[in-house]
Structure formats: structure tokens, C-alpha cells
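Per-entry structural report
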Amino acid sequence: MSIFDDAKQAAQGLVQAGMAKAVALAPDSWVPGGKPDPLIRQRHGAIGKPVSRLDGALKVSGKATFAAEFPVEAMTYAAMVYSTIAKGRITQITVSEAETAPGVVVVMTHRNAPRLNPPPAFLSESKAAAGDSLPVMQDERIYWNGQPVAVVLAETQEQADHAASLIRVGYEAEEAQTTFEAAREQGTQQSRFMGQPLHDEVGDAQDAFAKAPHKIDATYTTPRHNHNPIELHGVTLYWRGDGSLRVHDAQQVVAHTAYTLARTFGIDEKQVVVTSPYVGGGFGSKTLWQHQILAAAAARLAKRPVRMVLSREGVYRVVGGRSPTEQRVQLAATDEGRLTAILHRGLTVRTAHNVIAEPFILATRSLYGAETFLLDVHHVDFDMLGNTFMRAPGEAVGTFALESAMDELAHELGIDPIELRIRNEPEKDPISGLPYSSRNVVEAWRSGAERFGWERRNPVPGTVRDGGWLVGMGCATATYPYHRMPGGAARITLSADGRATLDLAAHEMGMGTSTAQTQVAADRLGLPMEAITFNYGDSTLPGLIMAGGSQQTASIGASVIAAYNKLVGELLKLAGNDSPLAGLKTEEVGSRDGGLCALDEPDRFETYASILARAQRDTISVEAEPPMPLETMHWSMHSYGAMFAEVRVNAVTGEPRVSRFLGSFDCGRILNSKTAASQFRGGIIMGLGLALMEETQFDERKGRVLNPSLSEYHVPVHMDVPEIEVMWTDIPDPHAPMGARGIGEIGITGTGAAIANAVYNATGRRVRDLPITLDKLL
């Protein structure tokens, strides 16, 4: 990104800040969510029930077609060659042997690749989706170690892989920025998130820290992490005779991807169709990277369809991950444990060609009611693959630092760690000053502690043994903000046979979106679930809905509310004066039993079929967009959790094992108890990996990832995962659609700290450098 892009972000941030001040002062009734969603009051429908995933049978029977499984005639298969230097230029590239290898259709390098525009990087524009803004195979320049330098298309995957191995590339290397210390010496830059600077000050925190009777000052570090969804990144695509591009992709941003591909290839957005009905995990990685662009370029060059599936190593070379962080946390407190200062500052790594810096202070902004704050994130630029969002960006690693420091402070004060947190519950958001939309984390703490058996915890570290194992308990607060992105839209089509179809450019990545949203639509329309068809994962459908930031539920919910209200208005017009509904306004009407009724007089009722029959209509279809997400500027909106871990550390080998885990959540209303429990547990398992094993080994001499495989980059397997219990308050947030807040990412937050704090309780060793491996406990 250029200095002009940074200036543009700063200007946008100023506009957002000005708008936020105005919205904060507006009456509740003027703001989306000011009037609670009527579904919040409904407790006897499909919402909340443990409905199994509607697509589950298709998946287990092999009938769900993923991106790399779509059959296309005359398919070619792609393999890539990756650079082996971090910065410089290609001086020679020999492809003759590859071109004559069996089955090869074409070999594409910068010398014969179609001319393309640089793709707009994610967050640089409202529809942008690219992982970086670099030109894709347009010249000899190398920007990171692992950058694709050649693409081979062949009749089979094996032929493509073999031919790729025959390509020889020569380089002229230049000095690259690949070390923290060298980059720090050249200066750091203020980081931004969503257009706003990652910097907050309330009062004089440094002075308050200096004067405090009790204080903690510690530095916590987290390594680089890489994405490892079980489904590899794959795409099947082809160009049609009319110049349009058809893409079957593993995506969590179909509409954004269609727009960005169109911009890159210089064609109209409507000429690109991206579909993604099934995705085998995304976590922030299933967006637009260079492999899809290169596949489309190679397909244009060869005039044949292309299937490109990244190998596991290819994912590490081409798809970004979470950046390393160095975080200093300083806490100051009175003798009674009241926080007088929170200082959370540090450094992370970014690349110059994208805008994403790990925003590790986000959770600290709203968790505790300290008197003063000083929060800041700076970054250095590396010559490496562009970093990206990874499940709970910022909060996952930020809560490790903050919640470890809170545990250290509790030990310093001799106060129970849960009690210390409850004593510092804020009455309002300590940074923005906004009221909380709903905050029941204390209830989550109390009920979770009782269920977990926290009263049995021995506060003296290293004193509980079970044979050869040291046993300890730890806890931490989890949190993740409520998001709802602009650009949502939905279409509802109602037919005379009592069926309804919902169309949205949303996504299903295994979290149960289609199931939960079918439950919600059924209750909203007063229809049985089997009468609802939910279409998604198609860029031609309405809306610009991203499956990220735990915001898809809110975005879909608000979009469907807008479409439903428009549908009711149109039905009332069709009903006319002969209907029992005559004279009612849209806001006075709800749905039940396949029709509309007056909210205060449920017997004033008419079925959809009756209304459509009188109007001589077979169907009615409406499309609408929700209002801008101003609720996040009017209330401080967050999900919360109380995380409890029991660990065992072998007294001889230092091996750490998590033996029990409980998450007690306050996330508003739960839409599907079965899929929600799966989401919570999945996040906790990723948090376990973050705490104990995940670490990208980065060679600072060459800027190369050294462990690009699941045999060397360790993630939790069945033997690593203990019994995980989850529970929740199920208290609706009155200002969120359906009363629900996001649950997809909160499980990973707080988990690392809870495990680290339990390790300390077991051993008396405080590990501040993730992951917690046995060598740090010997």
C-alpha cells in the first residue's frame, strides 16, 4: 500500500469518528436495534432448538460438491512453482523441458501471462477481496519467499506436478527485511484497524502506574500462525464464449471476490460469477489470493478450464496467516484490587502491500473499568507473504497477554482471579463511554465457576499432584465484538403453496449458517422449516455479506428483517379492504401459521395463500437492504465468556496436557444449541493449539516458512483434546437482530491465557512466550 492509501485510510477514519460521535448522542429510536426484534419475545418456535445441520447428510454421504470437485469438460490441472528468495528479481527462467513433458498444455510465467490490473487489497475498498495489492505475475519482481513464479497446466495433476519440478529459475537477490530487530531499527508505524488508529488514551496512565501500590509489568510474545483448514484451497474455473468468467471456489466472500476478479481482469463485475456452496473451513483464509487469479489467467491463456488445488505447502506459500506480536502489558491497582491503569502496547508485523496489522488491543478497550488507559499498536513492514485475518484477529493473542497479566496481578494481590475481574466490571465502555447493549459476563463467571468446581482450586502454585503429574486450574475472560458490515441485502419469494425462498450472497463453511438461518426464517415467516429454501454462496444473489468477524448472523438477520418488513407491506397492499388485516400498518403485523396477524389481536389473521389468491398471484418477491450498522456506534456491543482450564504437567518431562476445559458464554440468544456448541468447542480447540503447539517456523535469513506441513506445524488432534463443556446465559441482546451476537470466534479468545494461567498454578512457572512447550517447563 502507498502513502496515498494510508492517507485515504486516515481520512476515512476521521469521517467515521465524526459520525460515531453524532450517532452516540442520537435517541435510541433513531438507531437500528432501538426497537427490539419481535422474534426476541418468541420462545416456542424453531429458534434455539438443537436442529442437525441440513447439509449434514449430503456431506457424510459424499454428495456435497466442493470447489475442487465440479466436473467440467476438457479440464486441465494446475501446479505452481514458488520463488526461493524473499526480495529481488528473476534473471532467468527455463521452461523448455517442462513444456515438452508428457501431458503439458501450457507453461505460464511473467513473460507470457495475460496483462492484468493490480487487484484491490481487502479493506482498501468496500468490495475488495485480495490478500495484497501486488501485480500478479506481471514482471520479474519478487516480493516474498514463496511467491508464484510459474504455472503449469496439464491433462492430469501428476503430469502438472512433474512438469513444474522441471522448471529452473535464476534470481538476483536483494536485501530483504525479514527480522524484527532490523525492522525496528528502521522505525515503526502506527497501525490502523477498520480505518481507525490502534491508539487510545484515557487520563495519564503512565503517571497512575508510577504511583500505584501494586503493579505488573510484563512482555508477552506470540509467534506467526498459519491457516490449516481441512479443505485445501481449491478452485475450478473457466471462461465462457461471451467473455464471462465462471468460478467454483472455496470462498467466504463470494461477492467481494467477483468484484475483485473483474477489476483485475478489466471486465464488468456482472461478467464474473463466483459460487461456493460448501467450504471445508475458512477461519479468514478462504478469500482471494494469487492462486485464483493465476488460475483464471492460465485458463484465458490456454482457452481451457482449469482446476487448481493448493498443496498443504502451497497454502503456506500463498495464503497469509496471523502475524507475530510483542506485547507489553502494565497493570496498576489499589490495595483492594481496583485497576487504576491499564497500559497495553506493542509491535506486530505487516507487509507494505496490505492494510492488516494484528489489532491485539481490541479486547483491552472494553473488558475492565480502569481509571486510565494507554493502548497502542505499532507495526514494522516485512518482505513476506501478506498477513491476513485469522480466527479472532487481535483478540486471540491480545487476550493471552491481558488475561495472563490479570492473573499475575491477582497473585500479586492475593485475590482470587475471578473476584479480581468482577471487582473491575465497568458500568460503561471505558474507552468510548457508550453504554453496553447487554453485558452478563458476571453471570457467566458465577455459573461457570460453580459448574467447573473452581472452589477446589488451590491458590498456591505447584502444590497439587496426581501421581507424577502437577495439576493446576486457570481462568480468563473471553470476548469478541458484535459486528455487522454494511452492504447486506436479501430477497424473499413467497409462493401460494405456502413455501418461501430466501436469497442472499452469504456463506456456509461448516458452522451451520444455512440451518440456523432456516430456523430464523421459519419463525419470522410463521412457516415450518421444511417450507423454507435458503439459497446462498452465489455472487449473483443479493447482498455483500462476508463470512468473517462473527458478523454473518447479524448481517443476514438485519437483511432478512428489512426484506420481511417490505414483504409485509406489499402483502398488506394486496390484502386490500376485504381482509381482516385491513387498516393495519407494517409494524403492527407479524406472522404465524402460514399467514399474517395483528400483533395485538392475533385472531385478525389471513393466510399467505388467501392473500395471494385474492390478488390472483402465484408468488410475490421482494428485495431490501438493511440500514447502515449504526448500532455499533450507539452501544458497546460484545460477546463474552468465562474460560476455565485444568492442566496437568509431567513433573519429569515437563509435558503439558489440558485435562478439562469449560467455557461459559454470554453471547445473546443462541439460535441453534447444537451448532452453537460445536462452534464454541471448535474455537476452544483452536485456542488449545494456540496455547500449546501452533508456531510457524520462519527463517529470518531467507524469509521462508520452514514447516509448511501438518507433520511439522502441529495442530491439536483427538489425543490432545480433553472433555470440553460449554454453557451459555441465553440472555437476548435487545439491540441485535434476533437478540443474537456472533459466536464463531469467541471460543479461541481467552483460551490461551486460561491454559497459561493453569500451567502457572500447576508448576509455579509463568510462560509469557507462546506456545507453551515442554522445554519451557523443564
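What this report covers is the structure whose coordinates are included nearby.

So, how was this worked out
- Residues numbered from 1 in each chain as written.
- Predicted model: local features only at pLDDT ≥ 70, side-chain atom pairs only at ≥ 80, totals over all residues.
- Heavy atoms only, no water.
- Helix = DSSP H or I, 4+ residues; strand = E, 2+ residues; numbered from the N terminus.
- Rg over C-alpha atoms; globule rule 2.2 N^0.38 Å.
- Buried < 20%, exposed > 50% of the residue type's maximum accessible area, 1.4 Å probe, protein only.
- Contact = heavy atoms within 4.5 Å.
- Axes fitted to C-alpha atoms, helices over the stretch in contact; angles between N-to-C directions.
- Left-handed = near helix turned anticlockwise from the far one by under 90°.
- Nonpolar A, V, L, I, M, F, W, Y, C, P; charged D, E, K, R; others polar.
- Pairing = 2+ DSSP bridges.
- Lys, Arg positive; Asp, Glu negative; His and termini not counted.
- Salt bridge = Lys/Arg side-chain N within 4 Å of Asp/Glu carboxyl O.
- Parallel < 35°, antiparallel > 145°, perpendicular 65-115°, else oblique.
- Core = buried A, V, L, I, M, F, W, Y, C linked by side-chain atoms within 4.5 Å.
- Expected span 1.5 Å × (residues − 1).
- Polar contact = N/O pair within 3.5 Å; in protein donor to acceptor, adjacent residues only side chain to side chain.
- Phe/Tyr/Trp six-rings, centres within 6.5 Å; stacked < 30°, edge-to-face > 60°.
- Lys NZ or Arg CZ within 6 Å of the ring centre and 35° of its normal.

1. Some thoughts on the overall build of the protein
Secondary structure summary: the protein contains 18 helices and 32 strands in total. Against the 2.2 N^0.38 benchmark of 28 Å for 778 residues, the protein shows a C-alpha radius of gyration of 27 Å, consistent with a compact globule. The principal-axis extent of the C-alpha atoms belonging to the protein is close to 80 × 75 × 55 Å. When each of the 778 residues of the protein is scored for burial, the buried share is 61%. Counting only contacts in the protein whose residues sit at least 6 apart along the sequence, the fraction spanning at least 24 positions is 81%.

2. With respect to the packing of helix α10 (residues 395–413) against helix α18 (residues 751–763)
The interhelical angle for the contact between α10 and α18, taken along N-to-C directions, is 35°, at an axis separation of 8 Å. Pair α10 / α18 crosses with right-handed handedness. Between α10 and α18, the contacting residues are Thr399, Phe400, Glu403, Ser404, Asp407 and His411 on the first element and Gly752, Ala753, Ala756, Asn757 and Tyr760 on the second. The residue makeup of the contact of α10 with α18, split by class, is four nonpolar, five polar and two charged.

3. Some thoughts on the environment of Ala113
Within the secondary structure layout, Ala113 lies in the loop between β3 (104–108) and β4 (141–142). The spacing of Ala113 and Val136 is 23 residues in sequence and 9.2 Å in space, taken between C-alpha atoms. Apart from residues no more than four positions distant in its own chain, Ala113 is found in contact with Met108 and Met137.

4. Section: the pairing of strand β29 (residues 656–666)
Look at any regular strand and the pattern is simple: side chains alternate between the two faces of the sheet. Among the eleven residues of β29, eight are classified as buried, and the element is accordingly described as predominantly covered. As paired strands, strand β28 (residues 638–650) and β29 are joined by ten bridges and run antiparallel to one another. Each bridged residue has a counterpart across the sheet, and for Arg648 the counterpart in β29 is Arg657. The turn joining β28 and β29, which pair antiparallel and follow one another in sequence, is formed by five residues; a positive phi near 80° is taken by Gly654.

5. Re the sheet that holds β28
With mixed pairing, the five strands of this open sheet are ordered in space as β19-β20-β28-β29-β32. Both outer strands of the open sheet, β19 (465–466) and β32 (723–728), are each paired with one neighbouring strand and no more. As defined by bridge partners, β19 adjoins strand β20 (residues 469–481) across two bridges and the pair is classed as antiparallel. Within β20, the residue paired with Asp466 across the bridge is Trp469. Each of β28, β29 and β32 is contacted by helix α17 (residues 673–692), which is oriented at about 130° to β32, the strand it contacts most.

6. Re the side chain of Asp538
With respect to the helices and strands, the residue Asp538 is situated in the loop between β23 (532–535) and α14 (552–575). Despite its burial, Asp538 pairs with no opposite charge; the closest candidate is Arg246, at 5.9 Å N-O. Sequence-distant contacts of Asp538, defined by excluding residues within four places in its chain, comprise Val254, Val273, Val274, Thr275 and Ala505.

7. Thoughts on the packing of α17 against α18
Closest axis-to-axis distance for the α17/α18 pair is 8 Å, and the angle between their directions is 55°. With respect to each other, α17 and α18 are oriented oblique. The two elements α17 and α18 cross, and the hand of that crossing is right-handed. Along the contact surface, α17 presents Ile684, Gly687, Leu688, Leu690, Ala691 and Leu692, while α18 presents Thr751, Gly752 and Ile755. For the contact of α17 with α18, the per-class residue count stands at six nonpolar, three polar and no charged.

8. What about unusual backbone geometry?
Here the residue pair Leu770 and Pro771 is connected by a cis peptide bond, since its omega of -5° sits within 30 degrees of zero. Position of Pro771 relative to the elements: it lies in the segment after α18. Positive phi outside glycine occurs at Met137, with the angle close to 50°. Within the secondary structure layout, Met137 lies in the loop between β3 and β4.

9. Things to note about the environment of Gln330
For Gln330, the location among the structural elements is in strand β16 (residues 325–333). Look at Gln330 and you get buried, because its relative accessible area is 5%. Measuring from C-alpha to C-alpha, the distance between Gln330 and Ala522 comes to 50 Å, with 192 residues separating the pair along the chain. If we skip the residues at most four places from it in the chain, Gln330 touches Phe209, Ile216, Asp217, Ala341, Ile342, Leu343 and Arg345.

10. Here we look at the sheet that holds strand β15 (residues 306–309)
The seven strands are arranged β3-β5-β1-β15-β12-β13-β14 in an open sheet whose pairing can be described as mixed. In the strand order of this sheet, the two ends are held by β3 and β14 (272–275), each with one partner. Between one strand axis and the next, the sheet turns through 20° on average, direction left out of account. In this structure, strand β13 (residues 245–249) lies alongside β14, joined through four bridges in parallel fashion. Note on β14: the bridge partner recorded for His248 is Thr275. Here helix α7 (residues 254–265) sits on the sheet in contact with β12 (234–239), β13 and β14, set at roughly 145° to β14. Against the sheet, helix α8 (residues 290–302) contacts β1 (76–82), β3, β5 (148–154), β12, β13 and β15, and its axis sits at roughly 30° relative to β12.

11. Re the pattern of salt bridges
The tally for this structure, following the rule as stated, stands at 39 salt bridges. Arg89 is paired through a salt bridge with Glu172; the nearest N and O atoms lie 3.7 Å apart. A residue pair is termed long-range when its members are at least 10 positions apart, and Arg89 in strand β2 (residues 88–94) and Glu172 in strand β6 (residues 168–173) qualify at 83 residues. Shared partners join several salt bridges into a network, and the residues in it are Glu181, Arg184 and Glu326.

12. Some remarks on the nonpolar core
Of all hydrophobic cores here, the largest spans 135 residues; its most connected members are Val151, Leu331, Phe644 and Ile755. Ranked by residues supplied to this core, first place goes to α10 with ten residues. Setting aside its immediate chain neighbours within four residues, Val151 contacts Ala78, Ala79, Met80, Val106, Val107, Met108, Met137, Leu294, Ala298 and Met308. With 43 residues, the next largest nonpolar core counts Ile492, Leu581, Val589 and Leu612 among its residues.

13. Describing α10
Helix length check: α10 (19 residues) gives 26 Å between terminal C-alpha atoms against 27 Å at 1.5 Å per residue, within 8%. Counted residue by residue, α10 has 17 buried out of 19 residues, so it is predominantly covered. Immediately downstream of α10, the backbone of Gly414 shows phi near 70°, a positive value.

14. Some remarks on α17
Between its first and last C-alpha, α17 extends 29 Å over 20 residues, near the 28 Å set by a 1.5 Å rise per residue. In terms of burial, α17 is a largely internal element, 14 of the 20 residues being buried. Regarding α17, its N-cap is Asn672, as a side-chain oxygen of that residue lies 2.9 Å from the backbone nitrogen of Lys674 further along.

15. Some remarks on the packing of aromatic side chains
For any pair of aromatic rings, the description consists of the separation of the ring centres together with the inter-plane angle of the planes. Scanning all chains against the criterion turns up 14 aromatic pairs. Both rings, one in Trp454 and one in Phe644, keep their centres 5.9 Å apart while their planes meet at 65°; by these two values the pair is edge-to-face. Linking Trp454 in the loop between α12 (441–452) and β19 with Phe644 in strand β28, this pair joins segments that are 190 residues apart in sequence. Exposure class is identical for Trp454 and Phe644. Each is buried. Here a set of aromatic residues connected by ring pairs shows up, and it is made of Trp445, Phe452, Trp454 and Phe644. Cation over ring: Arg300 sits above Trp239, and NZ or CZ is 4.3 Å from the ring centre. One cation-aromatic arrangement involves Arg766 over Tyr760; the distance from NZ or CZ to the ring centre is 3.8 Å.

None of this, on its own, says anything about what the molecule does.
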